[in-house]
Amino acid sequence: MASLIVYPMSQQNVLIVDDERDIRELLTITLGRMDLHVDAASNVGEARQLLGEHDYDLCFTDMRLPDGSGQELIELIAEEYPDMPVAMITAYGNVDAAVNALKAGAFDFVSKPVDIKVLRSLVQTALKLSEERRSSDNGATTISSRLIGSSKAMQQVRNTIGKLARSQAPVYISGESGTGKELAARLIHEQSPRSGAAFVPVNCGAIPSELMESEFFGHKKGSFTGAHADKEGLFQSANGGTLFLDEVAELPLHMQVKLLRVIQEKAVRPIGGRGEVPVDVRILSATHKNLAELVEQGHFRQDLFYRINVIELHIPPLHERGDDVRELTEVILERLGQDGSNSKVTLDDAAMQALQDYSFPGNVRELENILERALAMCEGDTVQPADLMLPEHAPRPAQAPSGANKTEADGEVGTPNLPHNSDQPLDDYITNLEREAIMKALEETRYNKTAAARKLGITFRALRYKLKKLNID
């Protein structure tokens, strides 16, 4: 065991726990070259003594020790020294042990034989985290300001995100569509020591199956027809940062196998490449589907499910969040009001009650859409229940434009004569009608939007909303 000394305040200190002298010496030399002071212990008893006598910024521990296990030490550190990151040293390929360590609170793991480059990267990330834990609590403020809601459910989500940000464990984010799963993933990344590197989100259902391997792992020039240059894959783009796999349930089985290998080996092989490229990437994943059911049905690999679901974060649906609807509504209205409008729009009591009584199958995303539409359609500065156009509330009858029944020769806007194709979706047909009417009004008023809105019989705000919705410049 290394001699005990009083360390300079500026020097960062690391504890190594391993019963193999060669490993202790390798880590001591490597970390010493990074200007770190290292203490080494060969068993759990020595480690406990050192932990009680000194403050450490990081700990490495082997899994198997003569008088106990590394798992026992990780649980001790997580409970008694929560600000200290601890990493597990595992035998090569023993991923199950690494997963158990991460679930117990380990920051990350490194496999034997130890790759020095991987080790240095892990140490730098861990020490950055250690400094952030001890110097600031701004993370909680940032999470609260972007993940809105005072309900117990959302308080729990924010607390969990704060804890997850201090780990390198893969996280599976579950929840219905529109609950804010990507926002939660971004917050985990932004509060983590990886925040200085890239956050790379990818929708797994949006990539054609035949292009997936190239998109994820990259390719070399000439490796296939059309590969005119080397291309970096998503894993390499996220190197040092976080890769967010949204709708991970959409991955085909052949890609699930390749993804599992990358997670285990921490390396990718580009198409046409001769060797593997090490990558340091944290994996966050999400889907609105029940991944456990897909595993039972054979549509998703069980081994991959266990690798990406080391820790699960569930985002509750909006209808389970009580008074959060009022809080969210106020924040969303304030944000929507920052688009140049001088007037502040509010909801009357009946409209607010209608929102609180609504089930929100589309969750927070649906609430945003409802409020944006209501803001555009309301008369004056107060949103009424009819302006919300909720399924439980019949929409207010549209006010017919003045002279709408007159002929186009009279200078008024008539209904565009667009035939309805029986194979055309009704929504598309109505959208085309709106577009034609708006374009005609704009042309007749020489693109004076105020005059066009008057001619159409709608408010200027409503016209502005429709122009944005229809992508009309």
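No experiment lies behind these values; they were computed from the predicted model shown.

Parameters and conventions
- Residues numbered from 1 in each chain as written.
- Predicted model: local features only at pLDDT ≥ 70, side-chain atom pairs only at ≥ 80, totals over all residues.
- Heavy atoms only, no water.
- Salt bridge = Lys/Arg side-chain N within 4 Å of Asp/Glu carboxyl O.
- Buried < 20%, exposed > 50% of the residue type's maximum accessible area, 1.4 Å probe, protein only.
- Helix = DSSP H or I, 4+ residues; strand = E, 2+ residues; numbered from the N terminus.
- Arc of directions from axis to C-beta.
- Contact = heavy atoms within 4.5 Å.
- Axes fitted to C-alpha atoms, helices over the stretch in contact; angles between N-to-C directions.
- Parallel < 35°, antiparallel > 145°, perpendicular 65-115°, else oblique.
- Left-handed = near helix turned anticlockwise from the far one by under 90°.
- Nonpolar A, V, L, I, M, F, W, Y, C, P; charged D, E, K, R; others polar.

J.: Any chance you could break down the pattern of salt bridges for me, citing the residues and the numbers?
T.: Inspection of the entire model under this criterion finds 18 salt bridges. Between Asp 324 and Arg 321 there is a salt bridge, and its shortest N-O distance comes to 3.0 Å. Taken as a pair, Asp 324 and Arg 321 share a single burial class, namely buried. When the shortest N-O distance is used, the salt bridge between Lys 466 and Glu 434 registers 2.5 Å. Taken together, the residues span a long stretch of sequence, with Lys 466 in helix H20 (residues 460-469) and Glu 434 in helix H18 (residues 426-444) at a distance of 32 residues. Lys 466 sits in the buried class, given a relative accessible area of 14%. Connected through shared salt-bridge partners, Asp 18, Glu 20, Asp 62 and Lys 112 make up one network.

J.: Which residues make up helix H2 (residues 44-53), and what values go with them?
T.: For H2, the set of buried residues is Val 44, Ala 47, Leu 50 and Leu 51. Buried residues of H2, seen end-on, are gathered within an arc of 125° and therefore sit on one face of the element. Packing partners of the buried residues in H2 comprise strand E1 (13-17), strand E2 (37-41), strand E4 (64-65), strand E5 (68-69) and helix H3 (70-80).

J.: Help me get a handle on the packing of helix H14 (residues 324-336) against helix H15 (residues 349-357), residues and values and all.
T.: Between two packed helices, both the angle of their axes relative to each other and the distance between the axes serve to describe the pair. The interhelical angle for the contact between H14 and H15, taken along N-to-C directions, is 120°, at an axis separation of 9 Å. One element, H14, and the other, H15, form an angle in the oblique class. By crossing handedness, the relation of H14 to H15 is classed as right-handed. Of the residues in H15, those touching H14 at Val 325, Arg 326 and Thr 329 are Met 352, Leu 355 and Gln 356. For the contact of H14 with H15, the per-class residue count stands at three nonpolar, two polar and one charged.

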